Structure formats: structure tokens, C-alpha cells
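So you can see what is in the structure, the chains are spelled out below.
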Amino acid sequence: MTARPYTPLRQVYVIDAVRTAVGKRGGALAGVHPADLGAAALRGLIERTGIDPAVVDDVIVGCVDNIGPQAGNIGRTMWLTAGYPEEVPGVTVDRQCGSSQQAVNFGAQAIMSGTAEVIVAAGVQNMSAIPISAAMLAGKEYGFDSPFVGATGWDTRYGTGEVSQFRGAELIAEKWGITREDMERWALRSHERARAAIAEGRFEAEIVPVGDFTVDQGPRETSLEKMASLQPLSEGSPLTAAVASQISDGASATLLASEWAVQEYGLTPRARINHVSARGADPIFMLSAPIPATQWALDKAGLTIDDIDVIEINEAFAPVVLAWIKEIGADPEKVNVNGGAIALGHPLGATGAKLFATLLHELERVNGRYGLLTICEGGGTANVTIIERLDR
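Since this is a predicted model, take the numbers as computed values, not measurements. (Residues numbered from 1 in each chain as written. Predicted model: local features only at pLDDT ≥ 70, side-chain atom pairs only at ≥ 80, totals over all residues. Heavy atoms only, no water.)

1. Looking at the overall build of the protein chain
Secondary structure summary: the protein chain contains 13 helices and 10 strands in total. Expressed as lengths along the three principal axes of its C-alpha atoms, the size of the protein chain is roughly 60 × 50 × 50 Å. The 392 residues of the protein chain split such that 57% are buried. Considering only contacts in the protein chain between residues 6 or more positions apart, those separated by 24 or more positions represent 81%. (Helix = DSSP H or I, 4+ residues; strand = E, 2+ residues; numbered from the N terminus. Buried < 20%, exposed > 50% of the residue type's maximum accessible area, 1.4 Å probe, protein only. Contact = heavy atoms within 4.5 Å.)

Next up, the structure:
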């Protein structure tokens, strides 16, 4: 296939990226209304950057399971809940686990095209309040057991079998020869890295408070022996809860600006967006799309994986990361160096911009140049965002 040209019209600068600490299910953030949770991230971002909120062109927010308190365009609601100007619009994006990464990418594309100068890209999810897959199951009341099965074209193309992240993770483990022991070793590493990062204060610069809550609740002391004692998620499965991301609550926010806005508003950029893209793969495997998405992105950006100094790939399940490392040839020592979602949690809609914040801050900590973020997503898609640090 002939390569398509990739020529951004304008530069996009990253001014700041923040997140709340992540609460475990039923933990510190469980009782916080999603609009208030998202508002905490927005206020932290606006206060830290000193930007006049009235000059923001749009607020693009990722959120999954948009029902109840997360319905009604939570992106707009949380901006207003934060007390910011009514004339600034807001929109909610659902690309499943990559929703707020897509918010970042959409915001970057708006600035690249010249249709916006200042964008807030954010994410929010309270999984304690609205359980995972709540929106998927909401149709049962109306006679729809699944969003997929029952559609004639879907059934003809993919059959009527299980469509889930659990099945996708099992298929990936089988295809790439990843054992339960391989997964448990990666999960242990995730917890050890996350606990070390917290102890060393590596997350402090990226976290904004929700009340007095400022420390991630997910990481724990564990061992290979403890993990080996757990029952599989289903009979014969290599998966256990130990090798899956944690159900969590949290919010995140990023400020993007054009070169004109940087000069006009006296902003200090910390990085620029080098590349944004998304690709798809088999929706039944579901979680394997970061592999072709990363290959596509690196080719478009004119980079190799060895050029990347810091990598964040969401740990939906351990085999997602391990298969990606095998196929891409990445150095594991550059991947999720402060732990991943197995330890730190995965507040669905917030995860993309959350990992973006971690990527930016870690890139600065190690004095690196390029950082890459990719997330597997329901439906078999994946986003990639590559940033280039400026102050080096």
C-alpha cells in the first residue's frame, strides 16, 4: 500500500498535563460525583498554567459508560461544575479505554488544522459509581443482550461468540505463547515499579488534589507465590485478577496550544505533539491493535522504536503489553517504568490523558526526547500519540 503523506499544518504544544491520584474501587474517590471529580482535574490544570479559561476553544473529554451521572455530555458538565465560562463548549468522546487519549489527539488535530488555538483535553471515570460495562448492559431492559450480536452484518462477519476484553486477552496469550508465569512476572514488576515511583515522589508533580487525596491507592505488596494461588477468571484460562488492570476512579486533563496562543498568552510549552493516529485490528482479539498502530505511527513519524525514550502502554491485561513488546522489539526497561494499570489502576475514560501526564513528566525526569503512548481499546482499535520534549 502506498504510504499517505503526513504533514501537520501547524505545531501543537503541550503546556501541561495533570491527573488526580487514582482511587481503588470503593476507595477515596468512590463517593465523588464524576462532574466534581473531573472538575478537580480541570481546576488543577487551569490554576497551574495560569491560562484565562475564557480563551479555551473547546473542552474535549473522554468518558466510557455514559449513563447516570456520566451522561448528558459529562465533558460540558464538569467544565461548568468547575465554575468556568459558559461560552466555552464541551464534548464527550467514547473510544473506550483510549477515550481521553483520543480527546488529546482530537484537540491536537483541531490546532493543527487552524480551527482552534487552545484546547483542554481531559478524561473522567468513576467506576465505583458506574460499574464497568454498565452501558453495554443497559440495553437488556430493551431486549438487547449485546451491542454486537444480533446485528445481521456482525453475526455474518464475526459470529455470535463472546466479544470481551477477557476473551481477547486469552487469545493474545495463546497466539503469542505468553504463559501465566510470564504475565505474573510482569504484574509483579508493575507493582514494584509503582510502589518505588510513589516512594520516590515521581508522581507528585503530575497529581492535583481532590480534597486531601493525593496518593494512588492501587499499588500493593505482592509476590509470585500469592499470584500463583489465585483462581483463573474462568476454567482453563491463564488469566487471573492479578494480571488485569484494576477497576478505579480518577480524572485527568491536558492543555494544548498553538504557537500563536503560546506567544499571545505567555505560555511555556514543555513538549510538542510529534504524531497522532489510530488504527484497527481484529475486534474479537480486541486488544492487539497497539501492535499495528505503533508500527503505523513510527513509520509515519519517521522514527524507530529505538528512538523512543519513554513508553506508556496501557496494561489492560499483561499479555497486551508482552505481545506488543515481542512484536515491536521495544526495550522493556523503557516500558511503563513507573508501573502500569495492573498496579495503578485503569479509570477507563481518564486513562489516556492520565498516561499522557505520566509520559510528559517521566520524559522530563530522564532527560529524554521522544515519548510514545498507546492504548488498546474495545472494538479492536488503538491510538498512538508521540510527543517530543522541548527543554533538553
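2. Some points on the side chain of His-275
Note on placement: His-275 falls in strand β7 (residues 271-280). Its relative accessible area of 1% is what places His-275 among the buried residues. A polar contact of 2.7 Å, which involves the side chain of His-275, links it to the side chain of Ser-277. (Polar contact = N/O pair within 3.5 Å; in protein donor to acceptor, adjacent residues only side chain to side chain.)

3. What about the packing of helix α7 (residues 180-199) against helix α11 (residues 318-328)?
One can describe the packing of α7 onto α11 by two numbers: an axis separation of 9 Å at closest approach and a directional angle of 100 degrees. In this view, α7 runs roughly perpendicular relative to α11, as classed from their interaxial angle. Contacts between α7 and α11 involve Asp-182, Met-183 and Trp-186 from the former and Ala-318, Pro-319, Val-321, Leu-322 and Ile-325 from the latter. By residue class, the composition of the contact of α7 with α11 is 7 nonpolar, no polar and 1 charged. (Axes fitted to C-alpha atoms, helices over the stretch in contact; angles between N-to-C directions. Parallel < 35°, antiparallel > 145°, perpendicular 65-115°, else oblique. Nonpolar A, V, L, I, M, F, W, Y, C, P; charged D, E, K, R; others polar.)

4. Points about the pattern of salt bridges
Here the structure, examined in full by the defined rule, presents 16 salt bridges. Across the pair Asp-16 and Arg-48 runs a salt bridge, and its minimum N-O distance is 3.1 Å. In this pair, Asp-16 sits in strand β1 (residues 12-19) while Arg-48 sits in helix α1 (residues 34-49), placing the two residues 32 residues apart along the sequence. Judged by relative accessible area, which is 36%, Arg-48 ranks as partly exposed. Arg-167 is the partner of Glu-170 in a salt bridge, and the nearest nitrogen-oxygen pair spans 3.4 Å. Here Arg-167 and Glu-170 lie together in helix α6 (residues 165-175), a separation of 3 residues that amounts to about one turn. A single salt-bridge network, built from bridges that share partners, covers Asp-16, Arg-48, Arg-270 and Glu-364. (Salt bridge = Lys/Arg side-chain N within 4 Å of Asp/Glu carboxyl O.)

5. Topic: the packing of helix α10 (residues 290-301) against α11
For the pair α10 and α11, interaxial distance at closest approach is 9 Å and the crossing angle is 40 degrees. Considering the angle they form, α10 stands oblique to α11. Where α10 crosses over α11, the two elements pack in a sense that is right-handed. Between α10, through Pro-290, Ile-291, Thr-294 and Gln-295, and α11, the contact on the second element is made entirely by Ala-323, Trp-324, Glu-327 and Ile-328. (Left-handed = near helix turned anticlockwise from the far one by under 90°.)

6. With respect to the pairing of strand β8 (residues 310-313)
Neither face of β8 is left uncovered, since the one carrying Val-310 and Glu-312 and the one carrying Ile-311 and Ile-313 both have all their residues buried. The pairing of β8 with strand β9 (residues 370-377) spans 4 bridges and is parallel. By the bridge assignment for β9, Glu-312 is matched with Leu-373. (Pairing = 2+ DSSP bridges.)

7. Here's the deal with α11
Counting buried positions along α11 gives 9 out of 11 residues, so the element sits mostly inside the fold. Considered for burial, the residues of α11 that qualify are Ala-318, Pro-319, Val-320, Val-321, Leu-322, Ala-323, Trp-324, Ile-325 and Ile-328. The elements touched by buried residues of α11 are α6, α7, α10, β8, α12 (341-344) and β9. Gly-329 occupies a position one or two residues after α11 and carries a positive phi of about 75 degrees.

8. Thoughts on α1
An α-helical turn contains 3.6 residues, so any two residues separated by three or four positions project in the same direction. For α1, built from 16 residues, the straight-helix expectation of 22 Å at 1.5 Å per residue is met to within 8% by its first-to-last C-alpha distance of 23 Å. Most of α1 is tucked away: 12 of the 16 residues are buried. Taken as a whole, α1 has its buried residues at Pro-34, Ala-35, Leu-37, Gly-38, Ala-39, Ala-40, Ala-41, Leu-42, Gly-44, Leu-45, Ile-46 and Thr-49. Buried residues along α1 sit against β1, α2 (74-81), β5 (118-126) and β6 (248-258). Gly-50 sits one or two residues past α1 and shows a positive phi near 75 degrees. (Expected span 1.5 Å × (residues − 1).)

9. Remarks on the packing of aromatic side chains
Under the criterion given, the structure shown has 5 aromatic pairs. Ring plane angle 45 degrees and centroid distance 4.8 Å describe the contact between Trp-79 and Tyr-84, whose orientation is recorded as tilted. By relative accessible area, which is 12% here, Tyr-84 ends up buried. Residues Trp-260 and Tyr-265 carry aromatic rings whose centres are separated by 5.7 Å and whose planes lie at 85 degrees to one another, so their mutual orientation is edge-to-face. Three or more aromatic residues link up through ring pairs in this structure, and these residues are Phe-148, Trp-154 and Tyr-158. The ring of Phe-285 is capped by Lys-175, whose NZ or CZ atom sits 5.5 Å from the centre of that ring. Directly above the ring of Trp-296 sits Arg-279, whose terminal nitrogen or CZ lies 3.7 Å from the centroid. (Phe/Tyr/Trp six-rings, centres within 6.5 Å; stacked < 30°, edge-to-face > 60°. Lys NZ or Arg CZ within 6 Å of the ring centre and 35° of its normal.)

By themselves, these figures tell us nothing about what the structure is for.
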